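Summary of the model geometry
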Amino acid sequence: MNFKDQAEQFFKSGHTNNWAVLVCTSRFWFNYRHVANTLSVYRSVKRLGIPDSHIVLMLADDMACNPRNPKPATVFSHKNMELNVYGDDVEVDYRSYEVTVENFLRVLTGRIPPGTPRSKRLLSDDRSNILIYMTGHGGNGFLKFQDSEEITNVELADAFEQMWQKRRYNELLFIIDTCQGASMYERFYSPNIMALASSQVGEDSLSHQPDLGIGVHLMDRYTFYVLEFLEEIHPASQTNMNDLFQVCPKSLCVSTPGHRTDLFQRDPQNVLITDFFGSVRKVEITAETISLDPNLAAFESKPPKDELAAEPLKYAEQLPVAQIIHQKPKQKDWHPPGGFILGLWALIIMVFFKTYGIKHMKHIF
Amino acid sequence: MAAPLVLVILVAVTVRAVLYRSSLAAFISERVEVASPLNAWKRVVEGLALLDLGVSPYSGAIFHETPLIIYLFHFLIEYAELVFMITDVLTAIALYLAIQDFNKVVFKKQKLLIELDKYAPDVAELIRTPMEMHYIPLKVALFYLLNPYTVMSCVAKSTCTINNTVIAFFILATIKGSAFLSAVFLALATYQSLYPLTLFAPALLYLLQRQFIPVKLKSKSFWLYTMQYAALYLCSLVVIICLSFFLLNSWDFIPSVYGFILSVPDLTPNIGLFWYFFAEMFEHFSLFFVCVFQINVFFYTIPLAVKLKEHPVFFMFVQIAIISIFKSYPTVGDIALYMAFLPVWSHLYRFLRNIFILSCVLIVCSLLFPVLWHLWIYAGSANSNFYYAITLTFNIGQILLISDYFYAFLRREYYLTHGLYLTRQDGTEAMLVLK
């Protein structure tokens, strides 16, 4: 293969950096599993190469140092305490009460107050692939944050649209592990988003196994099987998204995981897991020099971004407002049915004539 | 007599108009004593708004008015204030005409009894003269229109005023002697709030008296007339209910209106007796006590009918009072209706024993209602017991008022037939007691 082809290969995937935003929205000890979920994904993502500087980890409660934790400073994700996902090198960016809907949306859209430290910012650009993982308690169309507020699927979709319009991502993978998780990705309308959820609307996501030593459920099923799947992945894996879609079939998960790829430009077959979960830098060592010509075929083969750059101009289509805002049908005024009015007045006239006699009829007619 | 009545009406309408335009209107509409879940104006507006949005107003527990009210206000909602003022005026006119006729009847009956020598010789001072009875209808209209309770009810736009109008027309129709109209209005009143059902008995008694049919259980004409009147009443009620079905094409209004009145699910404090009991009651017993309380309203009809069969209009007055005290969601508008009748029995004044205390109780309690409400709800330094105490006292005052009038009425009747100066067997002065 000549180096030009290899150079073409180099630009194939379209992203140059990876970010991850991992959010656990539940507090309280019995929601241990949500923190364990998030930390498992954090562990995999770090293992596959994304550095802490590119991970925004939001944990709504501290399980490792929770007074009810019989094994302090640990968060286990396997029964029998096989795997401690909380080590010395866990860097939590938003902790405890800082995990709010507002902060989450500010992280995503970049509208952060000036004094915020870098570790709390999502400094992505238009060549970033972002993995967003959320877990907690949810319902049809919303996700609960901190037991006191909710983020709706419409808000999330609008946040992603803001990110798109500000060129804050190249491609986005959204994974959610909550009850009725599929409702959260129903409203997305921005391009290049792929979404996975642990359960369909109307289904609950179930937890995996309780640990009798710790006393709570350690993980949710979907994330447990995703973690098992991810443990097989190493930075050079060629496993693609279709395999991720097969993770946790209904027999293992009880709920039906769902995914959405209609907004994604590439075929999921061609999307590597490491495109989102790892930070894989393509390095090719060559002794030859290649002059990178702007008219290189790879560039001219229209990376998806340019094609879609035309889309923001078509605002009218991009925002299906009527669909999103559930426009009410035009209000028709209620009128009493004609039969009723007729009947009522007929009765009144009958009563009138009965009491005052028919002789008045001739005065009226 | 038309001119003073017109003057009274004008004054009343002015007072109401002034209050509508002042800031008190909003304050009064919020008061729980004036607006109950059954007849609050806010709920009527809410129900009509729901209807405009395409939802049945009876879904949910907010709207408890009958479909005829929906129909009435659908077209008249912009003129709501005018409607309420007109209904008040109509009530006053109806009461005026009714009492005028009633006075004639009373006077005729009195003349008859005097000529038949039914009265004892020394009761001259108890006989009523046309002179003193001349101003009674005007006083009735005055009492109704300028009663602060009525004014508040009208300003709050509570549909209690409409209920009062229907009952007033029913009384007018009964006293004029038209069985058909009286049945129709009674059916309307029952249709709107269930309790006027008990007014069937006094109306029947009055009509029988008018037709000179004696009330004997064995008499065939009595049963015939009763059946006729009952049939008229029931048929009109059925017709009105079926007609209401066609408004919204559903029977939803029956549990919402009648189910609500009978089962008392809403325990917002009001001037009645139900809310406090049921707020504290265990679920287990609530059905039993609801039945007991509701039976209490209907229970007095038969004994009163037995005792007061010669005096059906007084019976009607007592019955209306009992309804307004013991109904599930009373408001001051209901009280205003029976208080309007008090001038008719003004000749009983000399026999009333506790009238001073009772009027003080009633006035003080009415003034204390907003005070204790404020202390309970806003200041937080009182609790529901305080408000309930005032409610209890107010109701006790009303009950004593009614029983006082009852006693006075019966005492006067007794004196009329037995003479004014009663002596016991040993010659000392005797005292009549109500057993």
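What counts and what doesn't
Residues numbered from 1 in each chain as written. Chains lettered and ligands numbered in written order. Predicted model: local features only at pLDDT ≥ 70, side-chain atom pairs only at ≥ 80, totals over all residues. Heavy atoms only, no water. UniProt positions renumbered as here; feature names shortened; annotations may be inferred. pLDDT = per-residue confidence, 0-100. Contact = heavy atoms within 4.5 Å. Helix = DSSP H or I, 4+ residues; strand = E, 2+ residues; numbered from the N terminus. Disulfide = S-S within 2.5 Å. Buried < 20%, exposed > 50% of the residue type's maximum accessible area, 1.4 Å probe, protein only. Polar contact = N/O pair within 3.5 Å; in protein donor to acceptor, adjacent residues only side chain to side chain. Pairing = 2+ DSSP bridges. Axes fitted to C-alpha atoms, helices over the stretch in contact; angles between N-to-C directions. Buried area = accessible area lost by both parts, 1.4 Å probe. Nonpolar A, V, L, I, M, F, W, Y, C, P; charged D, E, K, R; others polar. Parallel < 35°, antiparallel > 145°, perpendicular 65-115°, else oblique. Left-handed = near helix turned anticlockwise from the far one by under 90°. Phe/Tyr/Trp six-rings, centres within 6.5 Å; stacked < 30°, edge-to-face > 60°. Lys NZ or Arg CZ within 6 Å of the ring centre and 35° of its normal.

Looking at an unreviewed UniProt entry, chain B carries the name Phosphatidylinositol glycan anchor biosynthesis class U, with the source organism given as Apteryx owenii. As stated in UniProt under Sequence similarities (unreviewed entry), the record for chain B gives "Belongs to the PIGU family." Taken directly from UniProt, the Subcellular location (unreviewed entry) text for chain B runs: "Endoplasmic reticulum membrane".

An unreviewed UniProt entry lists chain A under the name GPI-anchor transamidase, with Apteryx owenii given as the organism. Under the Subunit (unreviewed entry) heading, UniProt states for chain A: "Heteropentamer. Part of the GPI-anchor transamidase complex, consisting of PIGK, PIGT, PIGS, PIGU and GAA1. Interacts with GPAA1. Interacts with PIGT; this interaction, via a disulfide link, stabilizes the expression of GAA1 and PIGK and links them to PIGS." Comment text from UniProt for chain A, heading Pathway (unreviewed entry), reads "Glycolipid biosynthesis; glycosylphosphatidylinositol-anchor biosynthesis."

**Examining the confidence of the model for chain A**
Mean pLDDT over chain A: 82, with 82% of residues reaching 70 or higher. This model gives residues 296-316 of chain A a pLDDT under 50, and the stretch forms 26 contacts once residues within four places in sequence are excluded.

**Observations concerning the UniProt feature "transmembrane region" (unreviewed entry) in chain B**
All names here are of chain B. As annotated in UniProt, the feature "transmembrane region" (unreviewed entry) corresponds to residues 68-99, 166-187, 193-209, 230-251, 257-278, 285-306, 351-373 and 385-407 in the numbering used here. Along residues 68-99 one finds 91% helix and 0% strand; the C-alpha atoms at either end are 28 Å apart. Helix makes up 55% of residues 257-278 and strand makes up 0%, while its end C-alpha atoms are separated by 19 Å.

**Focus: the state of the cysteines**
All names here are of chain A. By the definition in use, this model includes one disulfide over all chains. Between the sulfur of Cys 248 and that of Cys 253 lies a disulfide, 1.6 Å long from S to S. Disulfide Cys 248 to Cys 253: torsion about the S-S bond roughly 95°, handedness right-handed. As far as burial versus exposure is concerned, Cys 248 and Cys 253 are alike and both buried.

**Re the UniProt feature "active site" (unreviewed entry) in chain A**
Residues and elements named next belong to chain A. The UniProt record marks His 137 and Cys 179 with the feature "active site" (unreviewed entry), using the residue numbering of this structure. Taking the farthest pair of C-alpha atoms as the criterion, the annotated set spanning 43 residues converges on one region, since that pair is 6.4 Å apart. Note that His 137 resides in strand 5 (residues 137-139). Look at His 137 and you get partly exposed, because its relative accessible area is 23%. Polar side-chain contacts of His 137 include one of 2.8 Å to the side chain of Asn 31.

**A few points about the sheet that holds strand 5 of chain A**
Residue and element names in this part refer to chain A. Spatial strand order, 5-6-7: three strands in an open sheet with antiparallel pairing. The outermost strands of the open sheet, each flanked by one partner alone, are strand 5 and strand 7 (149-152). Each neighbouring strand pair of the sheet contributes to a mean axis angle of 30°, computed without reference to strand direction. Bridge analysis of strand 5 against strand 6 (residues 142-145) gives three bridges, and the strand direction is antiparallel. Note that in strand 6 the partner of His 137 across the bridge is Lys 144. With respect to the sheet, helix 3 (residues 101-109) is in contact with strand 6 and strand 7, its orientation differing from that of strand 7 by roughly 35°.

**Focus: the interface of chain A and chain B**
Contact residues are listed per partner, giving 16 residues for chain A and 18 residues for chain B. Between chain A and chain B, the buried area comes to about 1500 Å², and carbon and sulfur atoms account for 78% of it. Contact with chain B buries surface across chain A, with Trp 334, Phe 340 and Val 351 of chain A losing the most and accounting together for 44% of the total. At the junction of chain A and chain B, the tally comes to one residue pair in polar contact (both at pLDDT 80 or more). Within the side of chain A that touches chain B, the residues separate by chemical class into nine nonpolar, four polar and three charged.

**Examining the packing of helix 10 (residues 179-192) of chain B against helix 12 (residues 220-248) of chain B**
Residues and elements named next belong to chain B. Look at helix 10 against helix 12: their axes get within 8 Å of each other, and the N-to-C directions meet at 45°. Classed by the angle they form, the pair helix 10 and helix 12 counts as oblique. Crossing hand, helix 10 versus helix 12: right-handed. Of the residues in helix 12, those touching helix 10 at Ala 179, Phe 180, Ser 182, Ala 183, Val 184, Leu 186, Ala 187, Leu 188, Thr 190 and Tyr 191 are Tyr 225, Tyr 229, Leu 232, Tyr 233, Ser 236, Leu 237, Ile 240, Ile 241 and Ser 244. Considered class by class, the residues forming the contact of helix 10 with helix 12 number 15 nonpolar, four polar and no charged.

**Observations regarding the side chain of Asp 220 of chain A**
Locating Asp 220 of chain A in the fold gives a position in the loop between strand 9 (193-197) and helix 5 (221-231). If sequence neighbours within four positions are ignored, Asp 220 of chain A has contacts with Arg 33, His 34, Asn 37, Thr 135, Asp 177, Leu 206, Ser 207 and His 208 of chain A.

**Some remarks on the sheet that holds strand 9 of chain A**
Residues and elements named next belong to chain A. Read across the open sheet, the seven strands follow the order 3-2-1-4-8-9-10; overall the sheet is mixed. Looking at strand neighbours, the two that pair on one side only are strand 3 (94-95) and strand 10 (258-260), the edges of this open sheet. Strand direction decides the pairing type here: strand 8 (residues 171-177) and strand 9, joined by five bridges, are parallel. Residue pairing across strands places Leu 172 opposite Ile 193, the latter belonging to strand 9. Relative to the sheet, helix 2 (residues 32-47) contacts strand 1 (17-24), strand 2 (55-59), strand 4 (128-135) and strand 8, its axis offset from that of strand 2 by approximately 165°. Set on the sheet, helix 5 makes contact with strand 4, strand 8 and strand 9; between it and strand 8 the angle comes to about 130°.

**What about the pairing of strand 7 of chain A?**
Residues and elements named next belong to chain A. One ladder, built from four bridges, connects strand 6 with strand 7; its direction is antiparallel. Bridge pairing in strand 7 links Lys 144 to Glu 150. Linkage of strand 6 to strand 7, two consecutive antiparallel strands, is achieved through a turn of three residues, within which Gln 146 is found at a positive phi near 60°.

**With respect to the packing of aromatic side chains**
Evaluation of the coordinates by the stated rule reveals 54 aromatic pairs over all chains. For the ring pair Tyr 58 of chain B and Phe 63 of chain B, a centre distance of 5.5 Å and an interplane angle of 50° mean the geometry is tilted. Across this residue pair, the class does not change: Tyr 58 of chain B and Phe 63 of chain B are buried. The structure contains a cluster of three or more aromatic residues connected by ring pairs, namely Phe 102, Phe 314, Phe 317, Tyr 338, Phe 341, Trp 345, Tyr 405, Phe 406 and Phe 409 of chain B. Of note, Lys 354 of chain A hangs over the ring of Phe 180 of chain B, and the distance from its end group to the ring centre comes to 5.1 Å.

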